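If you want the building blocks of each chain, they are given just below.
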Amino acid sequence: MKLLFVASECAPFVKTGGLADVIGAVPKALVGMGAEVRVLMPAYPALADVLATGSEVKSYPEFFGGSARLVAASAQGIDLLLLDAPHLYDRPGTIYLDPNGHDHWDNHIRFGALSKAGADVALNGVEGWTPDLVNAHDWQAGLVAAYLRQSGQTAPPLVTTIHNIAFQGLFGPEAMEPLGLDPALFDTDGIEFYGRVGFLKAGLIFSDAITTVSPTYARELLTPEFGMGLEGLLSARQAQLTGILNGIDLDAWNPESDPALPATFGMRSLGRKAQNREALRTRFALSPEADGPLFCVISRLTGQKGLDMLLDCLPGLVARGAQLALLGSGDAALERGFIEAAAQHPGNVGTIIGYDETLSHQLQGGADAILIPSRFEPCGLTQLYGLRYGTLPVVARTGGLADTVIDANHAALQADCATGVQFSPITAAGLDQAIARTCELFAQPKVWAAMQRRAMRHPVGWDQSAQAYLDLFTGLIEEAK
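A few points on the structure. Fair warning: this is a prediction, and the values are worked out from it, not measured in the lab.

## Side note on the packing of aromatic side chains
At step 1: Evaluated as defined, the whole model comprises 14 aromatic pairs.
At step 2: With a centroid separation of 4.6 Å and an interplanar angle of 20 degrees, the aromatic rings of Y60 and F63 are classed as stacked.
At step 3: When its relative accessible area of 11% is taken as the criterion, Y60 is described as buried.
At step 4: Exposure remark for F63: the relative accessible area of 6% places this residue in the buried category.
At step 5: An angle of 90 degrees between the planes, with centres 4.9 Å apart, marks the rings of F193 and Y194 as edge-to-face.
At step 6: For F193, a relative accessible area of 10% gives the class buried.

Below, the structure written as structure tokens:
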């Protein structure tokens, strides 16, 4: 089985969120099951060293305003097809934003080009390699479906995966012409979405199947609260919609061998986690005298993540003898709020603005619990890392958070199956109660340690989910024959 993944980012090369982690892990899991997988992504400057090791497999002399080429390379156990187009991808800022924090003005062209290249490989292959199926990820690859549709050619089956429906890739109708899209596609039964070009909508309406990253999120997407205007389309295509739970790379996230940790540990050596906790307290200028749990947050600071509610809950958290170490960036008002909170609660709240992969591992390895109060969460990976490291997740009951964390209610504690704390309704009051419950559990060392060991035993790898992808892909390929 030959599979082409089309995505805008892939860990460990380029990462802004969970999408990259998935694209860095799923292909390797599928290869382990006998599939042949290539990942098509832009050749950003961060991939310069990888690009230099590859070989050109296709050239595009005139490609959305400049010349481009596809370069095949292998790195970190992943076979890559890199779209080398410096006029589109070699620029300051992040892969999505300019240095001022605004979307690159031509993101529609940049990711339309990625989709166009994906459609070309799907139809024509590269050097004799033609995929049996294409999996396009999020809005940045949504136009693969549109380009395949307007080609009129027989194409391999296409699956579009939604990682977060809040990001849809919406652009004005004037984008149609420079993207080379057939005007006939700009229709309510096509890619038009309230007068705009909808990249993600294109993928949802023209794909053979749709997946998303947890079963609960798949159900939530059918409702106005979570569907972001696409709930009608998804309801109409419900038979083609599948929720497959995300997993994590068990080699990259392993507390027994993680080089980022001051002290590695396992289920039988949980006591060593205390060394990591003390290192964290030093890094975040937190008092070593606290007798409550050390909570951590590793997150984008946005309204979706519910961190405004956490600001409201910080006085109560500190009053209960707990501490908070936060690593994140995003909304300027939230950044200021957590910086001010650290100043208001010295020794009990520590804030580092930004993102640091090594520090994120150290937070998982040293904190007692991780707070994830998201208003909606397709799946999330940080709670899975928390489970793996015995850092008990405290989560809102939504999306993949609901699917992966077993709440420590009375019945679950009696049945010895609790792995964290869930809360609902998703309000500041609900979060405050969840923090209080966590502190109460932490004050019972035997109960807490038993929950940690159960959490660390909980399956969080890709084996089951990769098999679900493989089964879905196999069925679609068979149907297409």
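## Some words on helix α19 (residues 445-457)
In an α-helix there are 3.6 residues to a turn, and that puts residues three or four apart on one side.
At step 1: The terminal C-alpha atoms of α19, which comprises 13 residues, lie 18 Å apart, in line with the 18 Å expected from a rise of 1.5 Å per residue.
At step 2: For α19, the set of buried residues is W448, A449, M451, Q452, R454, A455 and M456.
At step 3: Residues of α19 that are buried make contact with α11 (273-283), β16 (369-372), α15 (382-388), β17 (392-396), α17 (410-414) and α18 (428-442).

## A look at the sheet that holds β17
At step 1: Across the sheet, 6 strands lie side by side as β15-β14-β13-β16-β17-β18; this open sheet has parallel pairing. The open sheet has two edge strands, β15 (349-353) and β18 (421-423), and neither has a second partner. Across the sheet, the axes of successive neighbouring strands diverge by a mean angle of 20 degrees, strand direction being ignored.
At step 2: Alignment of strand β13 (residues 294-301) against strand β14 (residues 323-330), held across 8 bridges, turns out to be parallel. Residue pairing in the sheet places C296 in a bridge with A325 of β14.
At step 3: Here α18 sits on the sheet in contact with β13, β16, β17 and β18, set at roughly 160 degrees to β18.

Conventions and cut-offs
Residues numbered from 1 in each chain as written. Predicted model: local features only at pLDDT ≥ 70, side-chain atom pairs only at ≥ 80, totals over all residues. Heavy atoms only, no water. Phe/Tyr/Trp six-rings, centres within 6.5 Å; stacked < 30°, edge-to-face > 60°. Buried < 20%, exposed > 50% of the residue type's maximum accessible area, 1.4 Å probe, protein only. Helix = DSSP H or I, 4+ residues; strand = E, 2+ residues; numbered from the N terminus. Expected span 1.5 Å × (residues − 1). Contact = heavy atoms within 4.5 Å. Pairing = 2+ DSSP bridges. Axes fitted to C-alpha atoms, helices over the stretch in contact; angles between N-to-C directions.

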